[in-house]
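One-letter residues, chain by chain:
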Amino acid sequence: MFSFTFWKKPSVIHVDAFTFDPSTYEHTPIVNTKETIPDWYNSLKVYTPPKDKISVRSGGTVSPDGQSTLRHCYGINELYKKGLVIEYWNNTLIEVSKNRFNTDSEREMAVRNVSHPSFQYSPGFENHHHLKFGSPWNFREKTGVQWLLIPATWSHETECVGMNILPGILNFRYQTQTNINVFFPMMNQKYQVRISQGTPLVQLVPLTDKAVKVTNHLISYGEWGEMMRTLEGQPLRFYRKMKLLKRNDKREINRGRCPFSFTYVNKDNSGHNEIQ
């Protein structure tokens, strides 16, 4: 008896990204990671010219054309095939000293940056300043897939230098916010951190092999705030909401219906765009 395995195209994860800010929506929409490959990386050849050939003992792969470059790196190439990127929505200069730090941004946003008190993470990172960038984006994703948030490090050669972006796991079935937590080391000498509008700030990698399609929505600030009203600043409410949603999912399954659906009504008929 013969058995055959047929290749099946992975299903698609649909992500809805909502912002209230027209500039963010127009200039820095949520995009697939592959659209944010740095120019310096694209300019690399797969192999160096023969005249620059380096001894094989230095590592890498040597071919008749020369030695392999970073463009040959499987890890980076695969990374840029995965997930979504949040690009920075403002122009900000941060001045950091041992005792304090100050942020100066070009635009004043309705959603503000905040710092968590050190008792929330002490005795860890006691020699660091904490800042949480209030993101103007709320996400919704109905299946409950988890997302790994990591810094978009390959785009930070000159941007975000001196700032440590903190990784984490997100789930946009149970929460909507995309705030970004960072630490600044306390140094004896003052230093500055610059972040320009359009800089890829963080990457969201779905913990699944399914393809990702994102749709950006421009909505009113009231609608945007309502999406997270019951969760903001209340961690325990998040767990209560998650417990209730999981309970409701089980009820829908018992009724023979798909639990992973939601309807969003855009009350002010704002536009949206899709990226796949």
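Residues numbered from 1 in each chain as written. Predicted model: local features only at pLDDT ≥ 70, side-chain atom pairs only at ≥ 80, totals over all residues. Heavy atoms only, no water.

Undergrad: Help me understand the packing of aromatic side chains in this model?
TA: Both the distance between ring centres and the angle between the ring planes are used here to describe each pair of aromatic rings. All told, the structure shown has 13 aromatic pairs when counted by the stated rule. Residues Tyr-88 and Trp-89 carry aromatic rings whose centres are separated by 4.9 Å and whose planes lie at 45° to one another, so their mutual orientation is tilted. There is no split in this pair, since Tyr-88 and Trp-89 are both buried. Here Tyr-121 and Phe-183 contribute two aromatic rings whose centre-to-centre distance is 5.2 Å and whose plane-to-plane angle is 70°, an arrangement assigned as edge-to-face. With Tyr-121 in the loop between strand S7 (101-105) and strand S8 (128-133) and Phe-183 in strand S13 (residues 180-185), the pair connects residues that are 62 residues apart, well separated along the chain. Here a set of aromatic residues connected by ring pairs shows up, and it is made of Trp-40, Tyr-41, Tyr-80 and Trp-154. (Phe/Tyr/Trp six-rings, centres within 6.5 Å; stacked < 30°, edge-to-face > 60°. Buried < 20%, exposed > 50% of the residue type's maximum accessible area, 1.4 Å probe, protein only. Helix = DSSP H or I, 4+ residues; strand = E, 2+ residues; numbered from the N terminus.)

Undergrad: I tried to follow the pattern of salt bridges on my own but got confused; where do I start?
TA: For side chains of opposite charge, pairing can occur when their charged atoms come near one another. Counted according to the given criterion, the structure contains three salt bridges. One salt bridge connects Glu-78 with Lys-81, and the closest N-O pair in it is separated by 2.9 Å. Among the salt bridges present, the one from Arg-112 reaches Glu-108, with a minimum N-O distance of 2.8 Å. Residue class for Arg-112 comes out exposed when judged on its relative accessible area of 53%. (Salt bridge = Lys/Arg side-chain N within 4 Å of Asp/Glu carboxyl O.)

Undergrad: I tried to follow the sheet that holds S8 on my own but got confused; where do I start?
TA: Strands pair in a sheet through their backbones, by hydrogen bonds, and they do so in one of two ways: parallel or antiparallel. Read from one edge to the other, the open sheet built from three strands follows the order S8-S13-S11, with strand pairing classed as antiparallel. Here the strands that pair on one side only, and so sit at the sheet edges, are S8 and strand S11 (164-165). By the bridge criterion, six bridges tie S8 to S13 in an arrangement that is antiparallel. Looking across to S13, one finds that His-129 is bridged to Phe-184. (Pairing = 2+ DSSP bridges.)

Undergrad: When you look at the sheet that holds strand S15 (residues 200-206) in this model, what are you seeing that I'm missing?
TA: In spatial order, the strands read S2-S5-S15-S10-S12; together these five strands make up an open sheet with antiparallel pairing. Every other strand in the sheet has two partners, leaving strand S2 (31-32) and strand S12 (168-171) as the edge strands with one partner each. In the sheet, strand S5 (residues 84-87) pairs with S15 via four bridges, with the strands oriented antiparallel. In the sheet register, Glu-87 faces S15, and the bridge partner there is Pro-200.

Undergrad: Please explain the pairing of strand S10 (residues 146-151) as it appears in this structure.
TA: Regular strands show a simple pattern: their side chains alternate between the two faces of the sheet. Summarising the sheet, S10 and S12 pair through four bridges and their orientation is antiparallel. Each bridged residue has a counterpart across the sheet, and for Leu-149 the counterpart in S12 is Gly-168. As judged from the five bridges shared by S10 and S15, these two strands associate in the antiparallel manner. Considered in S15, the bridge of Pro-151 is made with Val-202.

Undergrad: Teacher, can you tell me more about the side chain of Thr-199 here?
TA: Topologically, Thr-199 is positioned in the loop between strand S14 (191-195) and S15. For Thr-199, a relative accessible area of 7% puts it in the buried group. From its side chain, Thr-199 meets the backbone oxygen of Ser-196 in a polar contact 2.9 Å long. Among all residues touching Thr-199, those that are not within four sequence positions of it are Ile-86, Glu-87, Tyr-88, Ser-155, His-156 and Glu-159. (Polar contact = N/O pair within 3.5 Å; in protein donor to acceptor, adjacent residues only side chain to side chain. Contact = heavy atoms within 4.5 Å.)

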